[in-house]
Number of protein chains: 2
Amino acid sequence: MASLAEYFPFWGNITQLEREKLESSAVARVYKSGTILHNGSQDCVGLFVIKSGQLRAKIASDEGKEMTVFRLFEGDICLFSASCIMKSLQFDLIIETEKNTELWVIPPLVYKSVMDESAAVANYTNELMASRLSEVIWLIEQVLWKSFDKRLAQFLEQENILEGSDILNITHEMIANHMGTAREVVTRMLKYFQSEGIVKLSRGKIELADKNKLKGLAG
Amino acid sequence: MASLAEYFPFWGNITQLEREKLESSAVARVYKSGTILHNGSQDCVGLFVIKSGQLRAKIASDEGKEMTVFRLFEGDICLFSASCIMKSLQFDLIIETEKNTELWVIPPLVYKSVMDESAAVANYTNELMASRLSEVIWLIEQVLWKSFDKRLAQFLEQENILEGSDILNITHEMIANHMGTAREVVTRMLKYFQSEGIVKLSRGKIELADKNKLKGLAG
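The model shown is predicted, which means the values in this text are computed figures rather than measured ones. (Residues numbered from 1 in each chain as written. Chains lettered and ligands numbered in written order. Predicted model: local features only at pLDDT ≥ 70, side-chain atom pairs only at ≥ 80, totals over all residues. Heavy atoms only, no water.)

### Some words on the interface of chain B and chain A
In step 1: On the side of chain A, 37 residues touch chain B, which itself brings 38 residues to the contact.
In step 2: Summing both partners gives a buried area of about 3,400 Å² for chain B against chain A, and 70% of it is carried by carbon and sulfur.
In step 3: It is B:Leu133, B:Ile140 and B:Trp145 that lose the most area in chain B upon contact with chain A, and together they represent 21% of the buried surface on that side.
In step 4: At the junction of chain B with chain A, the criterion picks out zero salt bridges.
In step 5: There are 13 residue pairs in polar contact (both at pLDDT 80 or more) connecting chain B and chain A.
In step 6: It is helix α4 (residues 119-145) of chain B that contributes the most residues to the side of chain B that touches chain A, 20 residues altogether.
In step 7: Split by residue class, the side of chain B that touches chain A holds 20 nonpolar, ten polar and eight charged. (Contact = heavy atoms within 4.5 Å. Buried area = accessible area lost by both parts, 1.4 Å probe. Salt bridge = Lys/Arg side-chain N within 4 Å of Asp/Glu carboxyl O. Polar contact = N/O pair within 3.5 Å; in protein donor to acceptor, adjacent residues only side chain to side chain. Helix = DSSP H or I, 4+ residues; strand = E, 2+ residues; numbered from the N terminus. Nonpolar A, V, L, I, M, F, W, Y, C, P; charged D, E, K, R; others polar.)

Structure (structure tokens):
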């Protein structure tokens, strides 16, 4: 468990007692891909320290539409699964695994008690929040002002990197749920991409046929 | 200047030295409505403590489109005009006065030096950021999933409250710049509102003719 030290840059700036508090309370967990770990602001499982795998934080509409707000990877810390540590965190994120994931869970009240006393931990938490806020503002700019073909090309490029394969096992529905739009909108644009020779479509699969063209489009 | 104490809930939890540091560095300023106080992430004027007036934080596209991200009023603290206090605050907000505004400016490095040492100040800053993040996530949900008529009705209701008048001195262009859309889209919807008897339009003015109907639409 000594390795929590590797994830938290404040480790050298907190007391031995605080380190022990965090270490002794952290619980190691393993989750299969597709598991919902946190659901809405009433939920407060704890802070996640991601050892391996991939998480997705999404918002959902009353009608069941979805949009990915950010993703988390190995070494990342997930603050919003511990939303009760701050009273102003008033939004309903859903956090789910996108790959098999190993993580530590630090109970919210333990983290909060350390953060309340330690300027180093509180300032670290501030930086975490600032970077999420930056991502969300970037996202709102994309949604407002970027054309959908560009956004879809960027999404396919990102998936290509994450999956390490030119054949993506992803449905149009799943893409729509990442991008906050309807399936039909995704299908229409993918068909256009296919007509341009950028992708080849088959059931549940998208093959990236011309990655240079895709890159040009993503800009 | 003793009154900084009224704005910062952490005042009782910092040292006398820290209080003096903040008080002695704060500069009182008065700005006319329509003044740009902060422009982008390279700018770092300082923390604003708003004594009276109204500010607007907006994002802008390369093509000059705009959207209001949040507004600040009497008693609010503006953190993002001191964006250099956190390295992860990587976004370009523009902050401008919407009414004649009185505020104190606390130099960023002074605030940062107090925040670096004081868990109370750092945790307070965390709460500020969390509430902004909550507003931005709310906003992205609106843009993605709320119909434009509802959003426009909500905007007019908010203006009605802020201005304390049923006659709003606002152009279609200004509304478009609040809502992240094009002027034509606003004009079209306002004309529909007028045909429904909800508003009466004249040059540079919108009269709220049926506030019950407006409320029903805003939902």
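### Quick look at the packing of helix α6 (residues 172-179) of chain B against helix α7 (residues 183-195) of chain B
All names here are of chain B.
In step 1: Look at α6 against α7: their axes get within 8 Å of each other, and the N-to-C directions meet at 115 degrees. Accordingly, the angle class assigned to the pair α6 and α7 is roughly perpendicular. Crossing of α6 against α7: the hand is right-handed. On the side of α6, the interface is formed by His172, Glu173, Ile175 and Ala176, while α7 contributes Arg183, Val186, Thr187 and Leu190. (Axes fitted to C-alpha atoms, helices over the stretch in contact; angles between N-to-C directions. Parallel < 35°, antiparallel > 145°, perpendicular 65-115°, else oblique. Left-handed = near helix turned anticlockwise from the far one by under 90°.)

### Quick word on the environment of A:Lys99
All names here are of chain A.
In step 1: If you trace the backbone, Lys99 turns up in the loop between β7 (94-97) and β8 (101-106).
In step 2: Distance in space between the C-alpha atoms of Lys99 and Gly53 is 5.4 Å, their sequence separation being 46 residues.
In step 3: Setting aside chain neighbours within four positions, we find Lys99 in contact with Tyr31, Lys32, Ser33, Gly53, Gln54, Leu162 and Glu163.
In step 4: Within the structure, Lys99 has its side chain in polar contact with the backbone oxygen of Leu162 (distance 3.0 Å).

### A closer look at the pattern of salt bridges
Where side chains of opposite charge bring their charged atoms close, a pairing between them can arise.
Residue and element names in this part refer to chain A.
In step 1: Counting across every chain of the model gives 22 salt bridges over all chains.
In step 2: Of the charged contacts in the structure, one is a salt bridge between Arg56 and Glu96, with a shortest N-O distance of 2.8 Å. Taken together, the residues Arg56 in strand β4 (residues 54-60) and Glu96 in strand β7 connect sequence positions 40 residues apart. Taken as a pair, Arg56 and Glu96 share a single burial class, namely buried. (Buried < 20%, exposed > 50% of the residue type's maximum accessible area, 1.4 Å probe, protein only.)

### Things to note about the pairing of strand β5 (residues 66-73) of chain A
All names here are of chain A.
In step 1: Most of β5 is tucked away, with seven of its eight residues classed as buried.
In step 2: Pairing geometry for β4 and β5, over seven bridges, is antiparallel. Note on β5: the bridge partner recorded for Ala60 is Glu66.
In step 3: Between β4 and β5, which follow one another and run antiparallel, lie five residues, and Gly64 among them has a positive phi close to 90 degrees. (Pairing = 2+ DSSP bridges.)

### Here's the deal with the packing of helix α4 (residues 119-145) of chain A against α4(B)
Packed helix pairs are characterised by how far apart their axes lie and by the angle those axes make with each other.
In step 1: The interhelical angle for the contact between α4(A) and α4(B), taken along N-to-C directions, is 20 degrees, at an axis separation of 9 Å. Compared by their axis directions, α4(A) and α4(B) come out roughly parallel. Note on packing geometry: the crossing formed by α4(A) with α4(B) is left-handed.

### Digging into the relation of the copies chain B and chain A
In step 1: Superposition of chain B onto chain A requires a rotation of 180 degrees combined with a translation of 0.0 Å along the rotation axis, giving an RMSD of 0.0 Å. A rotation of that kind, with that shift, is consistent with a two-fold axis. When C-alpha positions in chain B are compared against the rotation axis, the closest is assigned to B:Ala119, at 1.9 Å.
In step 2: Most of the interface of chain B is mirrored in chain A, where 97% of its interface residues again form contacts. (Least-squares fit on C-alpha atoms with pLDDT ≥ 70 in both.)

### Points about the confidence of the model for chain A
In step 1: When pLDDT is averaged along chain A, the result is 94, and 99% of the positions lie at 70 or above.
In step 2: Here the predicted complex carries an ipTM of 0.88, next to a pTM of 0.89. (pLDDT = per-residue confidence, 0-100.)

### Focus: the state of the cysteines
Residue and element names in this part refer to chain A.
In step 1: Evaluated as defined, the whole model comprises two disulfides over all chains.
In step 2: Disulfide partner of Cys44: Cys84, at an S-S distance of 1.9 Å. Given an S-S torsion of about -80 degrees, the disulfide between Cys44 and Cys84 has left-handed geometry. A residue pair is termed long-range when its members are at least 10 positions apart, and Cys44 in the loop between β2 (36-39) and β3 (47-52) and Cys84 in the loop between β6 (77-78) and β7 qualify at 40 residues.
In step 3: Considering cysteine sulfurs only, Cys44 is the nearest to Cys78, which forms no disulfide, with 11 Å between them. (Disulfide = S-S within 2.5 Å.)

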